[in-house]
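Per-entry structural report
Now for the letters of each chain:
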Amino acid sequence: FNSTGDKASVKLVTNGAVGNVVLKKKATVTITGEPTKKVAVTNNASGSLVKLAVNADVKATQPTTVNAYKGSEIGKVTATKDLVLNVGSGAKVDTVLASKAVEVNANKGSEVGTVTGSQDVAVNVAVGAKVDTVKSQGEDAKVTVSANGTVGDVVIDAKADVKVAG
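The text that follows walks through the structure, step by step, so that each part is easy to find.

Cut-offs and rules
- Residues numbered from 1 in each chain as written.
- Predicted model: local features only at pLDDT ≥ 70, side-chain atom pairs only at ≥ 80, totals over all residues.
- Heavy atoms only, no water.
- Helix = DSSP H or I, 4+ residues; strand = E, 2+ residues; numbered from the N terminus.
- Buried < 20%, exposed > 50% of the residue type's maximum accessible area, 1.4 Å probe, protein only.
- Polar contact = N/O pair within 3.5 Å; in protein donor to acceptor, adjacent residues only side chain to side chain.
- Contact = heavy atoms within 4.5 Å.
- Core = buried A, V, L, I, M, F, W, Y, C linked by side-chain atoms within 4.5 Å.
- Pairing = 2+ DSSP bridges.
- Axes fitted to C-alpha atoms, helices over the stretch in contact; angles between N-to-C directions.

Let us look at the side chain of Asn105. Counting through the fold element by element, Asn105 comes out in strand β12 (residues 102-106). Look at Asn105 and you get buried, because its relative accessible area is 14%. A distance of 2.9 Å separates a polar atom in the side chain of Asn105 from a polar atom in the side chain of Glu103. Within the local environment of Asn105, its side chain forms a polar contact with the side chain of Asn124, the two groups lying 2.7 Å apart. If sequence neighbours within four positions are ignored, Asn105 has contacts with Val84, Leu85, Asn86, Val87 and Asn124.

If you want it as C-alpha coordinates, here you go:
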(Lines give C-alpha, C1' and ligand atoms only; values in the text may rest on other atoms or scores of the structure.)
Protein backbone atom coordinates (compact mmCIF):
# COMPACT_ATOMS: atom_id res chain seq x y z
CA PHE A 1 0.00 0.00 0.00
CA ASN A 2 1.46 3.31 -1.11
CA SER A 3 -0.14 6.56 -0.04
CA THR A 4 0.73 10.15 -0.89
CA GLY A 5 -1.74 12.72 0.41
CA ASP A 6 -5.15 11.99 -1.07
CA LYS A 7 -3.79 9.47 -3.56
CA ALA A 8 -3.44 5.79 -2.80
CA SER A 9 -2.24 3.00 -5.04
CA VAL A 10 -3.08 -0.57 -4.11
CA LYS A 11 -2.08 -3.73 -5.97
CA LEU A 12 -3.80 -6.93 -4.92
CA VAL A 13 -2.68 -10.28 -6.30
CA THR A 14 -5.05 -13.03 -5.27
CA ASN A 15 -4.75 -16.74 -5.87
CA GLY A 16 -7.40 -17.64 -3.31
CA ALA A 17 -10.68 -16.19 -2.10
CA VAL A 18 -11.11 -12.49 -1.43
CA GLY A 19 -14.21 -11.25 0.35
CA ASN A 20 -14.93 -7.63 -0.52
CA VAL A 21 -12.61 -4.88 -1.73
CA VAL A 22 -14.01 -1.53 -0.56
CA LEU A 23 -12.53 1.85 -1.47
CA LYS A 24 -13.39 4.55 1.05
CA LYS A 25 -10.77 7.03 -0.14
CA LYS A 26 -9.75 7.98 -3.70
CA ALA A 27 -7.39 5.31 -4.97
CA THR A 28 -6.13 3.33 -7.90
CA VAL A 29 -6.63 -0.35 -7.17
CA THR A 30 -5.29 -3.10 -9.40
CA ILE A 31 -6.51 -6.66 -8.85
CA THR A 32 -4.81 -9.57 -10.61
CA GLY A 33 -4.23 -13.27 -10.02
CA GLU A 34 -6.45 -16.30 -10.14
CA PRO A 35 -9.05 -15.98 -7.38
CA THR A 36 -11.11 -19.02 -6.50
CA LYS A 37 -14.32 -16.95 -6.52
CA LYS A 38 -15.55 -13.72 -8.08
CA VAL A 39 -14.14 -10.59 -6.38
CA ALA A 40 -16.68 -8.00 -5.19
CA VAL A 41 -15.41 -4.41 -5.53
CA THR A 42 -17.23 -1.40 -4.07
CA ASN A 43 -16.05 2.14 -4.72
CA ASN A 44 -17.29 4.82 -2.30
CA ALA A 45 -14.61 7.41 -3.22
CA SER A 46 -14.98 9.93 -6.03
CA GLY A 47 -12.43 9.69 -8.82
CA SER A 48 -11.14 6.20 -8.10
CA LEU A 49 -9.71 3.96 -10.80
CA VAL A 50 -10.37 0.22 -10.60
CA LYS A 51 -8.17 -2.03 -12.78
CA LEU A 52 -9.29 -5.64 -13.08
CA ALA A 53 -7.67 -8.72 -14.58
CA VAL A 54 -9.90 -11.11 -12.58
CA ASN A 55 -13.54 -12.16 -12.46
CA ALA A 56 -15.42 -9.51 -10.50
CA ASP A 57 -18.57 -7.53 -9.84
CA VAL A 58 -18.26 -3.77 -9.31
CA LYS A 59 -20.52 -1.37 -7.43
CA ALA A 60 -19.75 2.34 -7.59
CA THR A 61 -21.47 4.94 -5.43
CA GLN A 62 -19.15 7.75 -6.62
CA PRO A 63 -17.75 8.72 -10.06
CA THR A 64 -15.51 5.83 -11.09
CA THR A 65 -13.36 4.58 -13.94
CA VAL A 66 -13.10 0.81 -14.39
CA ASN A 67 -10.56 -0.84 -16.69
CA ALA A 68 -11.21 -4.50 -17.51
CA TYR A 69 -8.16 -6.30 -18.88
CA LYS A 70 -7.60 -9.54 -20.77
CA GLY A 71 -8.92 -12.55 -18.91
CA SER A 72 -11.36 -10.61 -16.75
CA GLU A 73 -15.01 -11.51 -16.74
CA ILE A 74 -17.08 -8.83 -15.08
CA GLY A 75 -20.57 -10.01 -14.17
CA LYS A 76 -22.18 -6.71 -13.30
CA VAL A 77 -21.06 -3.10 -13.00
CA THR A 78 -23.59 -0.98 -11.11
CA ALA A 79 -23.05 2.76 -10.73
CA THR A 80 -25.12 5.42 -8.99
CA LYS A 81 -22.77 8.20 -10.18
CA ASP A 82 -20.89 8.80 -13.45
CA LEU A 83 -19.07 5.76 -14.81
CA VAL A 84 -16.37 5.22 -17.43
CA LEU A 85 -15.77 1.57 -18.36
CA ASN A 86 -12.85 0.62 -20.59
CA VAL A 87 -13.03 -2.98 -21.77
CA GLY A 88 -9.76 -4.32 -23.13
CA SER A 89 -9.02 -7.07 -25.61
CA GLY A 90 -9.97 -10.47 -24.22
CA ALA A 91 -12.18 -9.01 -21.47
CA LYS A 92 -15.91 -9.60 -21.05
CA VAL A 93 -18.58 -7.61 -19.21
CA ASP A 94 -22.10 -9.01 -18.87
CA THR A 95 -24.14 -6.06 -17.55
CA VAL A 96 -23.59 -2.34 -17.01
CA LEU A 97 -26.30 -0.45 -15.13
CA ALA A 98 -25.76 3.26 -14.48
CA SER A 99 -28.21 5.71 -12.96
CA LYS A 100 -26.09 8.69 -14.08
CA ALA A 101 -23.89 9.22 -17.16
CA VAL A 102 -22.10 6.17 -18.53
CA GLU A 103 -19.33 5.84 -21.11
CA VAL A 104 -18.30 2.39 -22.33
CA ASN A 105 -15.27 1.91 -24.56
CA ALA A 106 -15.20 -1.61 -26.01
CA ASN A 107 -11.79 -2.25 -27.52
CA LYS A 108 -10.86 -4.79 -30.19
CA GLY A 109 -11.43 -8.35 -28.98
CA SER A 110 -13.73 -7.37 -26.09
CA GLU A 111 -17.34 -8.36 -25.43
CA VAL A 112 -20.02 -6.41 -23.58
CA GLY A 113 -23.57 -7.60 -22.92
CA THR A 114 -26.12 -4.91 -22.02
CA VAL A 115 -25.28 -1.27 -21.25
CA THR A 116 -28.16 0.57 -19.56
CA GLY A 117 -28.03 4.23 -18.58
CA SER A 118 -30.55 6.62 -17.09
CA GLN A 119 -28.81 9.80 -18.22
CA ASP A 120 -26.23 10.30 -20.96
CA VAL A 121 -25.06 7.06 -22.56
CA ALA A 122 -21.96 6.93 -24.77
CA VAL A 123 -20.79 3.61 -26.21
CA ASN A 124 -17.73 3.39 -28.43
CA VAL A 125 -17.24 0.03 -30.13
CA ALA A 126 -13.93 -0.60 -31.89
CA VAL A 127 -13.42 -2.87 -34.90
CA GLY A 128 -13.45 -6.44 -33.61
CA ALA A 129 -15.44 -5.58 -30.46
CA LYS A 130 -19.03 -6.51 -29.67
CA VAL A 131 -21.80 -4.90 -27.60
CA ASP A 132 -25.11 -6.77 -27.48
CA THR A 133 -27.51 -4.02 -26.32
CA VAL A 134 -27.36 -0.30 -25.56
CA LYS A 135 -30.37 0.88 -23.57
CA SER A 136 -31.43 4.35 -22.44
CA GLN A 137 -34.08 4.73 -19.74
CA GLY A 138 -33.80 8.42 -18.87
CA GLU A 139 -35.98 11.27 -20.03
CA ASP A 140 -34.10 13.73 -22.30
CA ALA A 141 -30.97 11.59 -22.27
CA LYS A 142 -28.23 11.92 -24.87
CA VAL A 143 -27.36 8.59 -26.42
CA THR A 144 -24.28 8.29 -28.63
CA VAL A 145 -23.23 5.01 -30.19
CA SER A 146 -20.07 4.97 -32.27
CA ALA A 147 -19.86 1.51 -33.78
CA ASN A 148 -16.94 0.37 -35.86
CA GLY A 149 -17.47 -3.06 -34.34
CA THR A 150 -20.72 -4.95 -33.73
CA VAL A 151 -23.70 -3.53 -31.84
CA GLY A 152 -26.89 -5.57 -31.49
CA ASP A 153 -29.86 -3.48 -30.37
CA VAL A 154 -30.19 0.16 -29.37
CA VAL A 155 -33.28 0.51 -27.15
CA ILE A 156 -34.67 3.91 -26.17
CA ASP A 157 -37.32 3.81 -23.42
CA ALA A 158 -37.94 7.57 -23.14
CA LYS A 159 -37.50 10.80 -25.11
CA ALA A 160 -33.82 11.07 -26.01
CA ASP A 161 -31.35 12.69 -28.38
CA VAL A 162 -29.87 9.70 -30.23
CA LYS A 163 -26.81 9.61 -32.48
CA VAL A 164 -25.56 6.40 -34.04
CA ALA A 165 -22.47 6.38 -36.25
CA GLY A 166 -20.14 3.79 -37.60
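Moving on: the environment of Ala45. Structurally, Ala45 can be placed in the loop between β5 (39-43) and β6 (48-52). The sequence separation of Ala45 and Lys142 amounts to 97 residues, and the corresponding C-alpha distance is 26 Å. Setting aside chain neighbours within four positions, we find Ala45 in contact with Leu23, Lys24, Lys25, Lys26, Gln62 and Pro63.

Looking now at the nonpolar core. Membership of the largest hydrophobic core comes to 41 residues, with the highest contact counts inside it found for Val41, Leu52 and Val115. Residue contacts for Val115: discarding those within four places in its chain leaves Val96, Val102, Val104, Val121, Val123, Val131, Thr133, Val134 and Lys135.

In this section: the sheet that holds strand β15 (residues 130-136). As summarised here, the arrangement of the 8 strands in space is β3-β5-β7-β9-β11-β13-β15-β17, forming an open sheet in which the pairing is parallel. Where the open sheet ends on each side, the last strands, each with one partner, are β3 (20-23) and β17 (150-156). With strand direction ignored, the average angle separating the axes of adjacent strands in the sheet is 10°. Of the strand pairs in this sheet, β5 and strand β7 (residues 56-60) are connected by 5 bridges, and their pairing is parallel. Looking at β7, one finds that Ala40 is bridged to Asp57.

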